[in-house]
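Chain by chain, the residues:
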Amino acid sequence: MKKVRGAMVFVIIFVVMAISILTMHYFNSYNLRKLPPSEEWSKEVLVSKGVQNEATKPYPRIIKVNNNHIIAHQNGVSVKLIKTDNLGNRLVEKSFDQKDDLIKYINLLSDDEYIYLNVVKFDASDRVMICYKLDNNLDEVENWEIDNVDSTAQIGSNILITAYEDKIEVYDIKSNTRLYKDVKNATFITGTRVNDKYMVSYQEENKYFKYFYVNLDWTVSETKLAGIMAPDKKGYFERANLACDDEYGYIFVDVKSGSDRYGTIRYLQFSFDGKVQNVKEFRQDPFRELYSPIAVSSGNRARFIAGSSRQYGKKEEQFNLVEFYFEDGKMKDYTMASRTKEASVYPAIFEDSIIFMGSTGTDYNIYMASMNEEFKSANNYTRPYESQRAFSDVISGFLFSISYTIIYGIRWIILGLVCIAAMSYFAYNMKDKNKLRAFTLIYLITTIAKLYSIYDYFYVKFSYMLPEAFVSPVFGLILCFAISITCWLFGINRYRKNLESIPFGSFCYALLIDSLLTQMVFIPFIA
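Cut-offs and rules
- For every chain, the first residue of its written sequence is number 1, and the numbers climb from 1 along that sequence.
- A pLDDT threshold of at least 70 governs which residues receive local features in this predicted model, and a stricter bar of 80 or more applies before side-chain atom pairs are shown or counted, although totals over entire chains, interfaces and linings include all residues.
- Excluding hydrogens and water, the side-chain figures rest on all heavy atoms present in the structure.
- The secondary structure listing takes helices from DSSP runs of H or I that are at least 4 residues long and strands from runs of E that are at least 2 residues long, numbered from the N terminus.
- Exposed residues in this analysis have more than 50% of their type's maximum accessible area, buried residues have under 20%, and partly exposed residues fall in between, with area computed by a 1.4 Å probe over protein chains only.
- Throughout, a contact is declared for two residues whenever any of their heavy atoms are within 4.5 Å.
- For the area figures, the Shrake-Rupley method with a 1.4 Å probe applies, and any residue is considered shielded solely by the protein chains shown.
- Charge assignment: positive for Lys and Arg, negative for Asp and Glu; neither His nor the chain ends contribute.
- By convention, the point assigned to a charge is CZ for Arg, NZ for Lys, CD for Glu and CG for Asp.
- In this analysis, the protein atoms alone were mapped onto a 1 Å grid. Cavities are point sets where a 1.4 Å probe fits without being able to get out; pockets are open sets with protein on both sides within 12 Å along at least five of seven lines; lining residues have an atom within 4 Å of a point.
- Grid points are joined across faces, edges and corners, and a volume is the space filled by probe spheres set on the points.
- Residue polarity follows a fixed list, in which Ala, Val, Leu, Ile, Met, Phe, Trp, Tyr, Cys and Pro are nonpolar, Asp, Glu, Lys and Arg are charged, and the others, Gly among them, are polar.
- Only C-alpha atoms enter the line fits that serve as axes; for helices the fit covers just the stretch in contact. Angles between N-to-C directions range over 0 to 180 degrees.
- In these notes the angle categories are as follows: under 35 degrees is roughly parallel, over 145 is roughly antiparallel, 65 to 115 is roughly perpendicular, and the rest is oblique.
- Take the far helix as the reference: if the near one is turned anticlockwise from it by less than a right angle, the crossing is left-handed, and if turned clockwise, right-handed.
- At least two DSSP bridges between two strands are needed for those strands to be called paired.
- As used here, the term nonpolar core means buried Ala, Val, Leu, Ile, Met, Phe, Trp, Tyr and Cys residues forming a set that is joined through side-chain atoms within 4.5 Å.
- Patches here are clusters of residues that have more than 30% relative accessible area and form no salt bridge, with a 9 Å joining cutoff for like charges and a 5 Å cutoff for nonpolar side chains (Val, Leu, Ile, Met, Phe, Trp, Tyr).
- Any Lys or Arg side-chain nitrogen found within 4 Å of a carboxyl oxygen on Asp or Glu counts as a salt bridge.
- How far a helix is expected to stretch is found by multiplying one less than its residue total by 1.5 Å.
- To pair, rings of Phe, Tyr and Trp, with the six-membered ring standing in for Trp, must have centres within 6.5 Å; the planes then decide the type, stacked if under 30 degrees apart, edge-to-face if over 60, and tilted in the middle.

**Examining the overall build of the chain**
Of regular secondary structure, the chain possesses 6 helices and 28 strands. For the C-alpha atoms alone, the extent of the chain along its principal axes is close to 105 × 50 × 45 Å. A buried classification covers 52% of the 527 residues belonging to the chain. For the chain, the proportion of contacts with a sequence separation of at least 24, taken over those separated by at least 6, is 53%. Total accessible area on the chain is roughly 24300 Å²; 54% of this is exposed by carbon and sulfur atoms. The centroid of the 61 positive side-chain charges in the chain is displaced by 14 Å from the centroid of its 61 negative side-chain charges.

Printed below as a string of structure tokens:
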């Protein structure tokens, strides 16, 4: 009866230790999962779902009308419109079928009274822009077509830029004013507001990036050369974006190679006096594989948001959005703008709100986030899936701990087994007191080897992956030593009950539990 009680005590102790370790990992993961992407940006809010056509990949759009957000995005062969309130709650949803044509560009404008959805689509023989005039409930008032449209861009919610074969049109939908610039075969058109005027840039002959200004009195400046930037033989440009600070303009292009989903970002930096023209590939540690850039001028600095592969927490890799800030020709700062498990792609921004696609292949979710304090207060609550993902992290870490018990514990396990095997060979000729001393000495040697191995593996090779509580090796090594003391007590008590038996079995039981509990502490931090 005493033997059973003694065994049960150790079973309870080991179960409590295991639960305590798993609980520690749960809260370590949960405290990460529940955080917004940054102090500046809110958590994401799901506002729609759709199907993406990989052949065209039009970016979604977002504008703000009468304190409500209007969102447009592709959904297979249709364009879906969603109206949300200022907190991201969906109010109205409409769909506009495009009859199996390839949707190339989507634009969303407003004159404060009506909303205008412009869809550029290509069929086998023509390029046409369908223009929908909508009321405040997204009901169609009328529609019309414009032929031979090559590409479109927009500035804010009222300026539409349209490229044709022989000209660029700039149209202010609020004042119903338009002008034309004679440009042949312009590509990669984009624009931004610079103080009291608009800047429009475009590419000619697949390499010359040029720009001109549209003044608020609706006069147009002469064309200037921003610089030369052309794709190399292995890659191609997919989309361009323009932003400015007080001294420089920046044209960011998404560079793809072959069928790569994620590529790089190249940018052309040019001064307004024409003296500076630099072409650079954007690189910023710790981010890599940058893609899907969008740009916006913001006071005396340029902002752009791009997707990037980044380390989430200490070990996980995610494809999320990062907001970068340029000032005086240099990258000054960055902040995270999304945190979805799916790849965050194709962002669109309006004032302090952003939407983006959470891609899971051809299907995707449309998320909305904001820098608005009211939006953050309403949506930065803890989500059920955050605790579910934390629980999944714990299960995954536990399974990895079992798998890696021998792999990472090989140093001390082999040493302990060799020593206890030698003792087992001579144990029959030893006094009982010496048997217990030899058992304890071997376990002490094994424990020292374990502590050294833990320090070498996790505090030398993987120290950057450990959480703040484990940064100092003192805490981690004391915890490992406490586990070893408990397991030694279990092993030696088991051996003491039958000193005539071979000590190998009792030692192995203790060492196996010791190694597993130790790995449960550390392996989830790196696996």
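On we go.
**Considerations on the layout of surface pockets**
In this structure, the second largest pocket spans a volume of roughly 370 Å³. Along the walls of the second largest pocket sit 18 residues, with Asn28, Ser29, Leu32, Lys314 and Lys315 positioned nearest its centre. Of all the elements in the fold, those that place two or more residues in the lining of the second largest pocket are helix 1 (2-33), helix 3 (384-426) and helix 6 (503-526). The leading source of residues in the lining of the second largest pocket is helix 1, at 6 residues. Each residue belonging to the lining of the second largest pocket can be placed in one class, and the counts come to 7 nonpolar, 5 polar and 6 charged.

**Brief notes about the packing of helix 3 against helix 4 (residues 432-461)**
Between helix 3 and helix 4, whose axes approach to 9 Å, the crossing angle comes to 165°. Here helix 3 is positioned roughly antiparallel relative to helix 4, judged by the angle of their axes. Where helix 3 crosses over helix 4, the two elements pack in a sense that is right-handed. In terms of residue class, the contact of helix 3 with helix 4 is made up of 15 nonpolar, 3 polar and 4 charged.

**Brief notes about the pairing of strand 2 (residues 61-65)**
Across 5 bridges, the pairing between strand 2 and strand 3 (residues 68-75) is antiparallel. Paired with Ile62 across the strands is Ile71, a residue of strand 3. Here strand 2 folds back onto strand 3, and the loop between the two strands holds 2 residues, one of which, Asn66, carries a positive phi near 55°.

**A few points about the nonpolar core**
Ranked by internal contacts, the top residues of the largest apolar core, which has 48 residues, are Ile71, Val79, Leu81 and Leu117. Broken down by element, the residue count for this core peaks at 6 residues, all from strand 26 (residues 343-350). Residues within four places of Val79 in sequence aside, it is in contact with Ala72, His73, Lys94, Ser95, Phe96, Gln98, Ile103, Ile106, Leu117 and Val119. Formed by 42 residues, the second largest nonpolar core is a distinct cluster that contains Leu436, Ala449, Leu517 and Phe525.

**Quick notes on the sheet that holds strand 17 (residues 224-228)**
Strand order across the open sheet formed by 4 strands is 14-15-16-17, with antiparallel pairing between neighbours. Each having just a single partner strand, strand 14 (187-194) and strand 17 make up the two edges of the open sheet. Strand-to-strand twist across the sheet, computed as the mean angle between neighbouring axes with direction ignored, equals 25°. The pairing of strand 16 (residues 208-215) with strand 17 spans 4 bridges and is antiparallel. In the sheet register, Phe209 faces strand 17, and the bridge partner there is Gly227.

**What to know about a negative patch on the surface**
A contiguous patch of negative charge on the surface is contributed by Asp246, Glu247, Asp273 and Asp328. If you trace the backbone, Asp246 turns up in the loop between strand 18 (235-244) and strand 19 (248-257).

**Describing the sheet that holds strand 1 (residues 45-51)**
The 4 strands are arranged 1-28-27-26 in an open sheet whose pairing can be described as antiparallel. Strand pairing shows two members of the sheet lacking a second neighbour, strand 1 and strand 26, which therefore form its edges. On average, each strand axis in the sheet is inclined to that of its neighbour by 25°, with strand direction left out of account. Sheet topology places strand 27 (residues 353-359) next to strand 28 (residues 363-370); 7 bridges connect them, and they run antiparallel. Directly across from Phe356, in strand 28, lies its bridge partner Tyr367.

**Topic: helix 5 (residues 473-496)**
Spanning 24 residues, helix 5 covers 34 Å between terminal C-alpha atoms, matching the ideal 34 Å at 1.5 Å per step. Along helix 5, the residues that are buried comprise Gly476, Cys480, Ile483, Ser484, Thr486, Cys487, Phe490, Gly491, Ile492 and Tyr495.

**Observations regarding a nonpolar patch on the surface**
A cluster of nonpolar side chains, contributed by Leu415, Leu441, Leu444, Ile445, Ile448, Phe481, Ile485 and Leu489, occupies part of the molecular surface with about 640 Å² of accessible area. Secondary structure elements with two or more residues in the nonpolar patch: helix 4 and helix 5. Tracing the chain through its elements places Ile485 in helix 5. What makes Ile485 partly exposed here is its relative accessible area of 35%.

**Some details on the packing of helix 3 against helix 6**
Remark: helix 3 packs on helix 6, axes separated minimally by 7 Å, with the N-to-C direction vectors making an angle of 145°. Considering only the axes of helix 3 and helix 6, their crossing is right-handed. Grouping the constituent residues of the contact of helix 3 with helix 6 by class yields 21 nonpolar, 8 polar and no charged.

**A closer look at the environment of Asn53**
Note that Asn53 resides in the loop between strand 1 and strand 2. Dropping the residues within four chain positions of it, Asn53 is found in contact with Gln74 and Leu102.

**What about the pattern of salt bridges?**
Throughout the structure, instances matching the rule amount to 18 salt bridges. Across the salt bridge formed by Asp393 and Arg33, the nearest N and O atoms sit 2.9 Å from each other. Taken together, the residues span a long stretch of sequence, with Asp393 in helix 3 and Arg33 in helix 1 at a distance of 360 residues. Here Asp393 falls in the partly exposed class, since its relative accessible area comes to 23%. Residues participating in the shared-partner salt-bridge network are Lys43, Glu44, Arg339 and Glu386.

**Overview of the packing of aromatic side chains**
One pass over the structure, following the stated rule, counts 44 aromatic pairs. Between the aromatic rings of Tyr404 and Tyr408, the centroid separation amounts to 5.3 Å while the plane-to-plane angle is 55°, which identifies the pairing as tilted. Residue Tyr404 and its partner Tyr408 are located together in helix 3, separated by 4 residues, close to a single helical turn. Taking the relative accessible area as the measure of exposure, Tyr404 reaches 26% and is therefore partly exposed. Classification of Tyr408 by relative accessible area gives buried; the value is 16%. Judged by centre distance (6.0 Å) and plane angle (35°), the ring pair of Tyr408 and Phe458 falls under tilted. You can see Tyr408 sitting in helix 3 and its partner Phe458 sitting in helix 4, a full 50 residues away along the chain. We note that Tyr408, like Phe458, is buried.

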